[in-house]
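# Commentary on secondary and tertiary structure
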Amino acid sequence: MKLFIDSGNIKDIEALVAIGIIDGVTTNPSLLAKEPGDYRENLKKICQIVKGPVSGEVTAIDVAGMLEQGREIAKIDHYMIVKVPLTRAGIQACKTLSSDGIRVNVTLCFSAAQALLAAKAGATYISPFVGRLDDVGTNGMGLIKEIIEIYNNYDFTTEVLVASTRNPIHIVEAARMGADICTCPPALIDQLFNHPLTNIGLDKFLKDWEKSQAGKA
Ligand code: E4P
C-alpha cells in the first residue's frame, strides 16, 4: 500500500520524505490556505521533494473553470495530479482531463455510487473520506470495502486513495482490505511508528548494554 502525506507544509513533508517511506502528497484548498507564499510555488517545491504524485485541487465549480484551472495545475510539474470534487461538473471535467492524458484525483467521495462514476470518468484516483463519514455516525471503512469490491468486479484501474484518515486503525484496515493508498496527516504518520513496548524494550536493551560496558571498563 502506498503512503501519501496529507499536508501542504513543506517542512513536515521534507522531514517525512527523508525517512524514505512516502510515495506522494495530497493537498486541498484548506491545507494550502494555511501555508505562506504562492500556492503554485509551494506545489512545485513539494513535487521536487517527494518526486511522486502530488494532488492540487481546483476551486472552480463549473466545468469550464475546472478545465482551465486543472490544465494550469497540471503544468506546474509532471508529478501534479488535478483534484476535482465529486460533483456533476467534477465528473465531466474528470472525463475531459483524463481523456487529454491529465491524471485526476476525484475528491469528496462519500458513497460507492459516486466512486463508480469517478471510475467510469477515467479517474486515476478516487478519494473516499473515511473520517468525515465516521464523524456523522457512518462506517467510513465500510465504504472502502464496497468500492474495492465494485472496482474489482469490473477491473477498473482507478486507485482507491483512502482519505480523511484519523487514526492508525484506519490505515491497518485499509491495508487489510487491499486499498491502493492511504493519505495521512503528518501527526498520524508519526503515530504509526509508536508502540509503548518498543520504547520499553529499547530502553532495557540500552540500559543492559551500558551496565555491561561499565563493568568491563
Ligand atoms: C484528502 O485528499 C483530503 O485532503 C483530506 O484527507 C481531508 O481530510 P480531513 O477530513 O481530515 O480534512
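The structure we're discussing is the one just above.
Here we summarise the structure given alongside this text.

What counts, and where the lines are drawn
Residues numbered from 1 in each chain as written. Predicted model: local features only at pLDDT ≥ 70, side-chain atom pairs only at ≥ 80, totals over all residues. Heavy atoms only, no water. Buried < 20%, exposed > 50% of the residue type's maximum accessible area, 1.4 Å probe, protein only. Helix = DSSP H or I, 4+ residues; strand = E, 2+ residues; numbered from the N terminus. 1 Å grid on protein atoms, 1.4 Å probe; cavity = no way out; pocket = protein on both sides within 12 Å on 5 of 7 lines; lining within 4 Å. Points joined across faces, edges and corners; volume = space filled by probe spheres on them. Nonpolar A, V, L, I, M, F, W, Y, C, P; charged D, E, K, R; others polar. Axes fitted to C-alpha atoms, helices over the stretch in contact; angles between N-to-C directions. Parallel < 35°, antiparallel > 145°, perpendicular 65-115°, else oblique. Left-handed = near helix turned anticlockwise from the far one by under 90°. Contact = heavy atoms within 4.5 Å. Phe/Tyr/Trp six-rings, centres within 6.5 Å; stacked < 30°, edge-to-face > 60°. Near = heavy atom within 4 Å. Polar contact = N/O pair within 3.5 Å; in protein donor to acceptor, adjacent residues only side chain to side chain. Areas by Shrake-Rupley, 256 points an atom, 1.4 Å probe, with all protein chains shown as cover. Sits in = over half its atoms within 2 Å of the grid points.

For residues besides glycine, phi is generally negative; the peptide bonds are generally trans as well. One non-glycine residue, K51, adopts positive backbone phi at about 50°. Under the relative-accessibility criterion, K51 is labelled exposed at 57%. Positioned with a positive phi, S164 is a non-glycine residue whose angle comes to about 60°. Summarising the element assignment, S164 is placed in the loop between β7 (159–162) and α9 (168–177).

A separate point is the layout of surface pockets. Size it by volume and the largest pocket reaches roughly 240 Å³. Every residue lining the largest pocket is counted, 18 residues in all, and those nearest its centre are D6, N28, L31, R132 and S164. In terms of residue class, the lining of the largest pocket is built from 5 nonpolar, 8 polar and 5 charged. One number sums up the size of the second largest pocket: a volume of about 170 Å³. P29, L32, Y39, L43, G56, E57, V58, T59, Q69, E72 and I73 together form the lining of the second largest pocket. Residue assignment for the lining of the second largest pocket shows that the elements contributing at least two residues are α2 (29–33), α3 (39–50), β3 (54–57) and α4 (63–76). No other element matches the 3 residues that α4 contributes to the lining of the second largest pocket. Classifying every residue of the lining of the second largest pocket by side-chain character gives 6 nonpolar, 3 polar and 2 charged.

Turning to the packing of helix α1 (residues 10–19) against helix α10 (residues 186–193), a few remarks are in order. Where α1 contacts α10, the axes come no closer than 11 Å and their chain directions differ by 30°. It follows that α1 is roughly parallel to α10 by the angle criterion. Between α1 and α10 lies a crossing of left-handed hand. Of the residues in α10, those touching α1 at D12, L16 and I19 are P186, I189, D190 and F193. For the contact of α1 with α10, the class distribution of residues is 5 nonpolar, no polar and 2 charged.

Take the packing of aromatic side chains next. For the coordinates displayed, the defined rule picks out 4 aromatic pairs. Ring geometry for Y154 versus F156: centroids 6.1 Å apart, planes at 50°, classification tilted. With relative accessibility at 58%, the residue Y154 sits in the exposed group. Taken together through their ring pairs, the aromatic side chains of Y151, Y154 and F156 make up a single cluster.

Structurally, the position occupied by F110 is in the loop between β5 (104–109) and α6 (112–120). With 25 residues separating them in the primary sequence, F110 and P85 have C-alpha atoms 11 Å apart.

Right, let's talk about the site of the ligand for a bit. The environment of the ligand is made up of D6, T26, N28, K83, F129, R132, A163, S164 and R166. The separation between an oxygen atom of the ligand and a polar side-chain atom of N28 is 2.7 Å. Between an oxygen atom of the ligand and a side-chain N or O atom of S164, the distance comes to 2.7 Å. The fraction of the free accessible surface of the ligand (350 Å²) that becomes covered by protein chains is 85%. Using a 2 Å cut-off from the grid points, one finds that the ligand occupies the largest pocket. Across the shell around the ligand, the residue classes break down as 2 nonpolar, 3 polar and 4 charged.

So yeah, pure geometry; function would need other evidence.
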